[in-house]
Every structure is written in C-alpha cells, then in structure tokens.
Amino acid sequence: MASKTPVVDVHTHMYPPEYIQILESRDAIPIVRSFPGTPDPRIVLLSTEMAPLKEAEAAAARGEPPQTSALPGRPLTSHYASVTQKIHFMDTHGIDVSVLSLANPWLDFVDKDQAGNLAASVNAGFSAMCKAHPGRLYFFAALPVTAPADVLLQTIADVAKLPFCRGVILGTGGLGQGLDDPAMEPVLAALANTGLIIFLHPHYGLPGEVWGPRGGTTGEYGHVLPLALGFPMETTIAVTRLFLAGVFDRLPKLRLLLAHSGGTLPFLAGRIDSCVRHDAHLWKAAKTRRSIWDVLHEQVYLDAVVYSDVGLQAAIAASGGAKMGGLDRLMFGTDHPFFPPLDSDEQGEWESVSMNADAVSTALGDGSPEAAAVMGGNAVRILRLYEEPADKA
Ligand code: URA
Ligand code: ZN
C-alpha cells in the first residue's frame, strides 16, 4: 500500500524564550507589555500600534481597568513560545511536519553588536527543538541583518551546516534599504550559492497614513488594513524591486518562497510585465532579461496561505511552471500562532487553518494527488525533508 503523503506546514512561527525576554526589556515596538488585570501579556509588533500602546499605558498609569479587546497588539499565549504547544497544534490539525521560523520582526531591530550572537542562540534553539522531535520539525534560520557583513556572511555559512535548517527567513528590509540594495547582493549570492531558500515574509506594510486616521491612530479598524492589505503589498513591492534591479538574472540559483501566496504578485504580474514593456527607460535593458513570469516559474515558490480558493487559483496559475501547471511550486502553511480562533477553544481546531486547507480541497479536489502535493508533497521535495545530506550528518 502506498504511504500517505505527509502534511507539511511551511509557514509557522515561534518566538523562542530568549527573544521574548528581549521584547520584555524594550520600551519601543516590538515590545511585550503586561497590563494589570489581564491574563496574558500583550505582544505589540506593528508600528501603527504606537498610539494605541501609549494610550493603554497612560490609562494603566491612571489606574483605569483595561478593556482587553481595546488593548494594543495581541495576547502572548503559550502558542507563541512553546514547542509542546506547537506539537499539540500540529497533532490537532493533522500536520505531520512543520518548518519553523522566527516571527517578525526577526532580528531586524537588534543592535549590530548583539545581532550575531542572538542569531546564533535563536538558531541553536530551533536546532534543539528539531532534534527533540525528529521527523516532525525543521526550521528556516534567522539572520543577523544589522550585524557587520562578515558576521552576516559567517552566519549564512554556519546555518547551512545545521542538519535541520532548510533555508532562512528574511524580511523585506534587507540591510535597511530593501532587498534591491547593491549591498544586499553578496548576501543573496551567498544564500543562492549555499542552496538556502529564502522564506520572504512581510512586516513593515505600507506607511500608516494610507490607512487614514480611523485605520491608524484610533485603532478603529484593528489589524485588518495592515495585515490584509499592507503585508501583501509589501511582499509584492519587494519582489518587484528585486526583479527590476535584475537580481534574478544575475543570481539564477536564488530561490524565494513568498509568504501569503506572493502577496498580490500572482494577480499583478501581468501588469508589472506590461509596465516594463511600456517604459522607455527600462525596456531596452529588460528586453534581454527574463520576464517576471519566467522568474515566477523558475525561482519563486508560493505558500498557500491565502484563505480562499479564488486566491489559490491565481497562485497556481501564476506559478504555472512546466510540471503540473504550477502545482509543483505551492506549499501549504498555517501562519500559526497568528490568527487564533476568537469564538472557540485555542486548544481545538483553528478556523484560520481549515480555511487554507479547504481552499486547497475546493481548488484541487478533496484527496486528489494535486491537493496532496500542495498539502505536503511539494515541501518534502523542494525542502528535502527527511533527507540527511552527507555533509551535514
Ligand atoms: N502573521 C505574521 O506572520 N505576523 C504578524 O505580525 C501577523 C500575522
Ligand atoms: Zn507569517
């Protein structure tokens, strides 16, 4: 009897305890703050939450009892830092393997002299978790992007040797000037040459003004605008900038796994292509380069964290490479521990997971080989899961 294709979650985060301690010691976002009378501390990540955070702190200082639903950030439950909880979540949702990654904003804000050591300790922590759960956990390593270049490049060489490391997680900021910054190219080249896939994930969104006062400073619209729209646009812009800078052509071995099915890239690739073809300044150089479609088919993978079969169909069509019409480049994810259920027990099933799993079944057929590929088969192949490369054993 053929063995069942495993279910693999390639988009699943954690904040290890030493990282949480750093957030607890800070007085700016990203920050962890406790408010008297609330069961969990709050983790506040988004810059748009500065005003609500200040207001909540002022109210607490006046001794006013906090209204939990009005507090900034989100409750920092055990789901964020406990590997036992991660395994429970996996078991509850039938997930065989998780590829863990540090959650945003990673090490982007860490002092340059501390970043190298913190990266080493975070990556050692992830390695230990994976070792303690053989066959169930792998990880994308964190990079000390603020550290001096030699430290950053040494970290890449070091993580490439870690047995359970299957790539790195990276934000769109690069070294501070974005991924198309020429200073970033040696870093991207080192990642390409070591065969480490980059899991590209948003954090910064769009400037707060675009959300208007009701979406920003008053907090009336919660996290909806920055998370639903800002995050995907940020990813789209970062990849388009890399493309326009010619980085994919110069580094053909560079491989990117894009969070949230590539943001809006599947939907906008045609428009990007057309704008390049109609830009007198760019077209002369771009003519000899591969198109955004070529890049999508050859160097980009997409996760399936898009919550609807409509978006998923666009992702499948956009990444339509030679094999299986694009189905060989898509990988299931959950975004755990973000988006817990509000109306049911967090120890039970999460609607944010079933929405993504249902999108795969609806788009590809429940139990079909294509659905099994997206739910895990692709990740096993692309990320070489279960393999122990000879030089890492
Ligand atoms: N998902 C993430 O990965 N990070 C956030 O901050 C919110 C949702
Ligand atoms: Zn995420």
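Residues numbered from 1 in each chain as written. Chains lettered and ligands numbered in written order. Predicted model: local features only at pLDDT ≥ 70, side-chain atom pairs only at ≥ 80, totals over all residues. Heavy atoms only, no water.

(A) Structural view of the coordination of the zinc ion (ligand 2). Every protein donor of the zinc ion (ligand 2) is accounted for by H11 (NE2), H13 (NE2), H201 (NE2) and D335 (OD), and the metal-donor separations fall at 2.0 to 2.2 Å. Mapping the donors of the zinc ion (ligand 2) onto the primary sequence gives the spacing H-x1-H-x187-H-x133-D. Here H11 is found in strand β1 (residues 8–14), whereas its partner H201 is found in the loop between β8 (197–200) and α7 (212–215), with 190 residues between them in sequence. The exposure class of H201 is buried, given its relative accessible area of 2%. (Donors = N, O, S within 2.8 Å, 3.2 Å for Na, K, Ca; no water. Helix = DSSP H or I, 4+ residues; strand = E, 2+ residues; numbered from the N terminus. Buried < 20%, exposed > 50% of the residue type's maximum accessible area, 1.4 Å probe, protein only.)

(B) Region of interest: the environment of P341. With respect to the element layout, P341 can be found in the loop between β11 (330–331) and α14 (351–364). On the basis of relative accessible area, P341 is assigned to the buried category, the value being 15%. Excluding its chain neighbours within four sequence positions, the residues that come into contact with P341 are E346, E349 and W350. (Contact = heavy atoms within 4.5 Å.)

(C) View of the domain arrangement of the protein chain. The assigned domain composition of the protein chain is domain 1 (8–19 + 79–392) and domain 2 (20–78). On a C-alpha basis, the centres of domain 1 and domain 2 stand 27 Å from each other. Counting residues at the interface gives 25 residues for domain 1 and 19 residues for domain 2. Buried surface at the junction of domain 1 and domain 2, summed over both partners, amounts to about 1,800 Å²; 63% is from carbon and sulfur atoms. For the domain 1 face of the interface with domain 2, the top three residues by lost area are Y80, F109 and H223, together amounting to 29%. Where domain 1 packs against domain 2, one counts zero salt bridges. (Domains from an automatic or database assignment. Buried area = accessible area lost by both parts, 1.4 Å probe. Salt bridge = Lys/Arg side-chain N within 4 Å of Asp/Glu carboxyl O.)

(D) Quick look at the sheet that holds strand β3 (residues 42–44). Here three strands make up an open sheet; going across it, the order is β2-β3-β4 and the pairing antiparallel. In the strand order of this sheet, the two ends are held by β2 (31–33) and β4 (74–75), each with one partner. (Pairing = 2+ DSSP bridges.)

(E) Examining the site of ligand 1 more closely. Taken together, H13, L45, R74, N104, H201, L227, F231, D335, F338 and F339 are the residues near ligand 1. A distance of 2.7 Å separates a nitrogen atom of ligand 1 from a polar atom in the side chain of N104. Bound to the protein, ligand 1 loses 99% of the 240 Å² it would expose on its own. Here the shell around ligand 1 is built from residues that sort into five nonpolar, three polar and two charged. (Near = heavy atom within 4 Å. Polar contact = N/O pair within 3.5 Å; in protein donor to acceptor, adjacent residues only side chain to side chain. Areas by Shrake-Rupley, 256 points an atom, 1.4 Å probe, with all protein chains shown as cover. Nonpolar A, V, L, I, M, F, W, Y, C, P; charged D, E, K, R; others polar.)

(F) Region of the structure containing the pairing of β8. Alternating positions in β8 separate into two faces, I197 and F199 on one and I198 and L200 on the other, with burial throughout. Of the strand pairs in this sheet, strand β7 (residues 165–170) and β8 are connected by four bridges, and their pairing is parallel. Across the sheet, residue L170 finds its bridge partner in β8, namely L200. A crossover connection joins β7 to the parallel β8 through helix α6 (residues 185–194); in handedness this β-α-β unit is right-handed. Judged from the three bridges that link them, β8 and strand β9 (residues 256–258) form a sheet pairing that is parallel. Bridge pairing links L200 to L258 in β9. (Right-handed = clockwise from strand over helix to strand, strands pointing away.)

(G) Quick look at helix α3 (residues 83–92). The complete set of buried residues in α3 reads Q85, K86, I87, F89 and M90. The first or second residue beyond α3 is G94, which carries a positive phi of 65°.

(H) Region of interest: the pattern of salt bridges. Taken as a whole and assessed by the stated rule, the structure comprises twelve salt bridges. Residue D180 is joined to R241 by a salt bridge in which the shortest nitrogen-to-oxygen separation is 2.8 Å. Residue D180 is located in the loop between β7 and α6, and its partner R241 is located in helix α8 (residues 224–244); the two are separated by 61 residues in the primary sequence. On the basis of relative accessibility, which here comes to 25%, the residue D180 falls in the partly exposed class. In this structure, E185 and R250 form a salt bridge, with 2.6 Å as the shortest nitrogen-oxygen distance. Within this pair, whereas E185 is found in helix α6, its partner R250 is found in helix α9 (residues 247–250), the two being separated by 65 residues in sequence. Residue classification places E185 among the buried residues on the basis of a relative accessible area of 18%. A relative accessible area of 46% means that R250 is categorised as partly exposed. Through salt bridges with shared partners, one network takes in R33, K54 and E57.

(I) Geometry of the pairing of strand β5 (residues 97–102). The buried fraction of β5 is high, at six of six residues. Of the two faces of β5, the one carrying V97, V99 and S101 and the one carrying S98, L100 and L102 are both buried. Where β1 and β5 come together, five bridges link them in parallel fashion. Residue pairing for β5: V8 is matched across the bridge by V97. In the sheet, β5 pairs with strand β6 (residues 137–142) via four bridges, with the strands oriented parallel. Residue pairing for β6: L100 is matched across the bridge by F139. Each parallel crossover has a hand, and the one from β5 via helix α4 (residues 112–132) to β6 is right-handed.

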